[in-house]
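Examining the three-dimensional arrangement
Take a look at the letters that make up each chain.
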Amino acid sequence: MILLYGLSICSSCGRARVIDKSSKSSSCPYCGNTERTDQMVFIFECRDQETAREALGQAAGFEAPTPKEVRDRKKKIEKADPYSTMIYKYEHSSDLDEKMMILAKGLTKIKGTFTIDDVEEIVGEKYAERYVASMLERCYIHEVGYGHYKA
């Protein structure tokens, strides 16, 4: 049986990591320390990387969520308020174009068509008209009726 992966402890920082045993050396992803693979002590060895990752997770105390926990988490996300989710995404985006896309798609999905007043609620009175003008210029939205926009 050929063992290709192993779990080893870094001699410098003491953290566990997965090692490809076919390589001549390995650098620690945490501290950068490089060690020769043939001189390392392995606490676990296996044939596939997935098993090695699971062993690393168990060694670190990580427990994968059960299928029920995954389903419950998905249900919670599906039931999330779309407006507050859009606001959250908008506030946590650092790119202005991305912010405009989030607003254009989000407001269209939630309201069908939206107005400058809807944009004003999110970006403030000072920037609402500029946002709408920029979204129109970039073709993120189009005017479907006087003062009503859609992505």
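Above this text you will find the structure in question.
Here we summarise the structure given alongside this text. This one's a predicted model, so the numbers in the text were calculated from it and none came from an experiment.

A word on the layout of surface pockets. A water-sized probe rolled over the atoms picks out the places where empty space is left. As a volume, the largest pocket reaches approximately 290 Å³. Forming the walls of the largest pocket are 12 residues, and the residues nearest its centre are P82, T85, M86, K89 and K109. For the lining of the largest pocket, the secondary-structure elements that each account for two or more residues are α3 (82-91) and α4 (96-111). If you tally residues by element for the lining of the largest pocket, the top one is α4, at 5 residues. Across the lining of the largest pocket, the residue classes tally to 6 nonpolar, 2 polar and 4 charged.

Taken as a whole and judged by the stated rule, the model has 6 salt bridges. Between K21 and E45 there is a salt bridge, with the nearest N and O atoms lying 2.7 Å from each other. Taken together, the residues span a long stretch of sequence, with K21 in the loop between β2 (16-20) and β3 (25-27) and E45 in strand β5 (residues 42-46) at a distance of 24 residues.

On to unusual backbone geometry. Positioned with a positive phi, C139 is a non-glycine residue whose angle comes to about 65°. In this fold, C139 is placed in the loop between α6 (128-137) and β6 (142-145).

What follows concerns the nonpolar core. By size, the foremost hydrophobic cluster in this structure holds 18 residues, and its most contacted members are L103, V119, I122, V123, Y131 and M135. Of all the secondary-structure elements, those providing two or more residues to this core are α3, α4, α5 (116-123) and α6. Not counting chain neighbours up to four residues away, the residues in contact with I122 comprise Y83, M86, I87, Y90, L103 and L107.

Our next topic: the pairing of β6. Sheet topology places β6 next to strand β7 (residues 148-150); 3 bridges connect them, and they run antiparallel. Its bridge partner lying in β7, H142 is registered against K150. Connecting the antiparallel pair β6 and β7 is a turn made up of 2 residues, with G147 showing a positive phi of about 75°.

Moving on to the sheet that holds β5. Adjacent strands of a sheet form backbone hydrogen bonds with each other and so pair up, either parallel or antiparallel. Judged by pairing direction, the sheet is antiparallel, and its 3 strands sit side by side in the order β2-β1-β5 without closing on themselves. The open sheet has two free edges, formed respectively by β2 and β5, since each of these has just one partner strand. Strand-to-strand twist of the sheet, defined as the mean angle between neighbouring strand axes without regard to direction, takes the value 25°. Across 4 bridges, the pairing between strand β1 (residues 5-9) and β5 is antiparallel. Residue pairing across strands places G6 opposite E45, the latter belonging to β5. Its contacts with the sheet put helix α1 (residues 49-59) on β1, β2 and β5, and the angle it makes with β1 is roughly 25°.

A few words on α5. When α5 is considered as a whole, its buried residues turn out to be D118, V119, I122 and V123. Here the buried residues of α5 occupy an arc of 115° about the axis, which is enough to place them on one side. Facing away from the buried side of α5 by over 90 degrees, the exposed positions are D117 and E121.

The rules we used
- Each chain carries its own residue numbering, running from 1 in the direction its sequence is written.
- In keeping with the predicted nature of the model, local features appear solely for residues at pLDDT of at least 70, side-chain atom pairs appear and are counted solely at 80 or more, and the whole-chain, interface and lining totals rest on all residues.
- Hydrogen atoms and water are omitted, and side-chain values are computed over all heavy atoms in the structure.
- A cavity here means a set of 1 Å grid points, computed over protein atoms only, where a 1.4 Å probe fits but cannot escape. A pocket is an open set with protein on both sides within 12 Å along at least 5 of 7 lines, and lining residues have an atom within 4 Å of a point.
- Grid points are joined across faces, edges and corners, and a volume is the space filled by probe spheres set on the points.
- Only DSSP runs of H or I with at least four residues qualify as helices, and only runs of E with at least two residues qualify as strands; both kinds are numbered from the N terminus onward.
- Three classes are used: nonpolar for Ala, Val, Leu, Ile, Met, Phe, Trp, Tyr, Cys and Pro, charged for Asp, Glu, Lys and Arg, and polar for all others, with Gly counted as polar.
- Any Lys or Arg side-chain nitrogen located within 4 Å of an Asp or Glu carboxyl oxygen qualifies as a salt bridge.
- Buried Ala, Val, Leu, Ile, Met, Phe, Trp, Tyr and Cys residues form a nonpolar core when they are joined through side-chain atoms within 4.5 Å.
- Whether a residue is buried, partly exposed or exposed follows from its accessible area with a 1.4 Å probe, protein chains only, as a fraction of its type maximum: under 20%, in between, or over 50%, in that order.
- It only takes one pair of heavy atoms within 4.5 Å for two residues to be counted as in contact.
- For two strands to count as paired, DSSP must find a minimum of two bridges between them.
- Note on geometry: axes are C-alpha line fits, over the in-contact stretch for helices, and angles between N-to-C directions span 0 to 180 degrees.
- Directions drawn from the helix axis to the C-beta atoms are what define this arc.

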